[in-house]
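Observations on chain architecture
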Amino acid sequence: MNYVPGTASLIDDIDKKHLVLLRDGRTLIGYLRSIDQFANLVFHQTVERIHVGKKFGDIPRGIFIVRGENVVLLGEIDMDKPSDTVLQQVSIEEILEEQRLQQQSKQETEKVKMLALKDRGLSIPKADNLDEY
């Protein structure tokens, strides 16, 4: 197999099932249908997979366009390999509720940390402000 530079190397992966991790933390699984010179990706039969602890849920998203700059990781899923996962698949409603509870817990923990730092005279810039630097 010859080396092909840039996004052209993904041409062999078209019509194969892939997992994509996005910059915002979302995980998508779908069939890669198209790519361009900017690494923008088009997926078909896409699901958004949400993981919480040992549980996961898949939310159907259909056709999904991903801007290339938002891709952190792209990997082909081997359809021939049997799944040996210890994760339990749950309904969409259940995984969304688990995710909401997890996010609430993280926010409460962060709030306690910020108060402890403030009591000691320290402060941490908010994540929104970090993009300016």
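Looking at an unreviewed UniProt entry, one finds the protein chain named U6 snRNA-associated Sm-like protein LSm1 and attributed to Pogonophryne albipinna. Taken from UniProt, the Sequence similarities (unreviewed entry) comment for the protein chain reads in full: "Belongs to the snRNP Sm proteins family."

**Thoughts on the pattern of salt bridges**
As enumerated under the stated definition, the model contains nine salt bridges in all. The salt bridge partner of Lys 55 is Glu 94, with a shortest N-O separation of 3.5 Å. With Lys 55 in strand S4 (residues 55-66) and Glu 94 in helix H1 (residues 92-119), this residue pair connects regions lying 39 residues apart in the sequence. What makes Glu 94 partly exposed here is its relative accessible area of 34%. Here the residues in one salt-bridge network are Lys 55, Glu 94 and Glu 98, joined through shared partners.

**Examining the nonpolar core**
Core analysis: the largest hydrophobic core is formed by ten residues, namely Leu 10, Val 20, Leu 22, Leu 28, Leu 32, Ile 35, Leu 41, Phe 43, Phe 64 and Val 66. Of all the secondary-structure elements, those providing two or more residues to this core are strand S1 (17-22), strand S2 (27-35), strand S3 (41-52) and S4. Among the nonpolar cores identified, the runner-up in size contains five residues, and Ile 50, Val 52, Val 90 and Ile 95 belong to it.

**Here we look at the side chain of Thr 27**
For Thr 27, the position within the fold is in strand S2. Looking at Thr 27, the relative accessible area reads 11%, which means it is buried. With residues up to four places along the chain from it excluded, the contact list for Thr 27 reads Leu 19, Val 20, Leu 21, Val 47, Glu 48 and Arg 49.

**Things to note about the side chain of His 18**
In this fold, His 18 is placed in strand S1. According to the relative accessible area criterion, His 18 is buried, its value standing at 1%. Polar contacts involving the side chain of His 18 include one to the main-chain carbonyl oxygen of Lys 16, which spans 2.9 Å. Among all residues touching His 18, those that are not within four sequence positions of it are Asp 13, Leu 28, Ile 29, Gly 30, Leu 32, Phe 43, Leu 74, Gly 75, Glu 76 and Ile 77.

**Some thoughts on the sheet that holds strand S5 (residues 71-76)**
On the basis of which strands lie adjacent, the open sheet formed by six strands has the order S5-S1-S2-S3-S4-S6 and mixed pairing. The open sheet terminates on both sides in strands that have one partner only, identified here as S5 and strand S6 (88-89). As judged from the two bridges shared by S4 and S6, these two strands associate in the parallel manner. Across the sheet, residue Phe 56 finds its bridge partner in S6, namely Gln 89. Set on the sheet, H1 makes contact with S3 and S4; between it and S4 the angle comes to about 100 degrees.

**Observations regarding the layout of surface pockets**
Empty space within the largest pocket amounts to approximately 450 Å³. Considering the residues around the largest pocket, the lining is formed by 16 residues, among which Arg 49, Ile 77, Asp 78, Ser 83 and Thr 85 are closest to the centre. Of all the secondary structure elements, the ones that give two or more residues to the lining of the largest pocket are S1 and S3. Ranked by residues supplied to the lining of the largest pocket, first place goes to S3 with three residues. Taken together, the residues of the lining of the largest pocket sort by class into eight nonpolar, three polar and five charged. Volume-wise, the second largest pocket comes out at about 210 Å³. Around the second largest pocket, the lining residues are Asp 24, Gly 25, Arg 26, Thr 27, Glu 48, Arg 49, Ile 50, His 51, Gln 99, Gln 102, Gln 103 and Lys 106. Taken together, the elements giving at least two residues each to the lining of the second largest pocket come down to S3 and H1. Counted by class, the lining of the second largest pocket contains one nonpolar, six polar and five charged residues.

Reading guide: rules and limits
Residues numbered from 1 in each chain as written. Predicted model: local features only at pLDDT ≥ 70, side-chain atom pairs only at ≥ 80, totals over all residues. Heavy atoms only, no water. UniProt positions renumbered as here; feature names shortened; annotations may be inferred. Salt bridge = Lys/Arg side-chain N within 4 Å of Asp/Glu carboxyl O. Helix = DSSP H or I, 4+ residues; strand = E, 2+ residues; numbered from the N terminus. Buried < 20%, exposed > 50% of the residue type's maximum accessible area, 1.4 Å probe, protein only. Core = buried A, V, L, I, M, F, W, Y, C linked by side-chain atoms within 4.5 Å. Contact = heavy atoms within 4.5 Å. Polar contact = N/O pair within 3.5 Å; in protein donor to acceptor, adjacent residues only side chain to side chain. Pairing = 2+ DSSP bridges. Axes fitted to C-alpha atoms, helices over the stretch in contact; angles between N-to-C directions. 1 Å grid on protein atoms, 1.4 Å probe; cavity = no way out; pocket = protein on both sides within 12 Å on 5 of 7 lines; lining within 4 Å. Points joined across faces, edges and corners; volume = space filled by probe spheres on them. Nonpolar A, V, L, I, M, F, W, Y, C, P; charged D, E, K, R; others polar.

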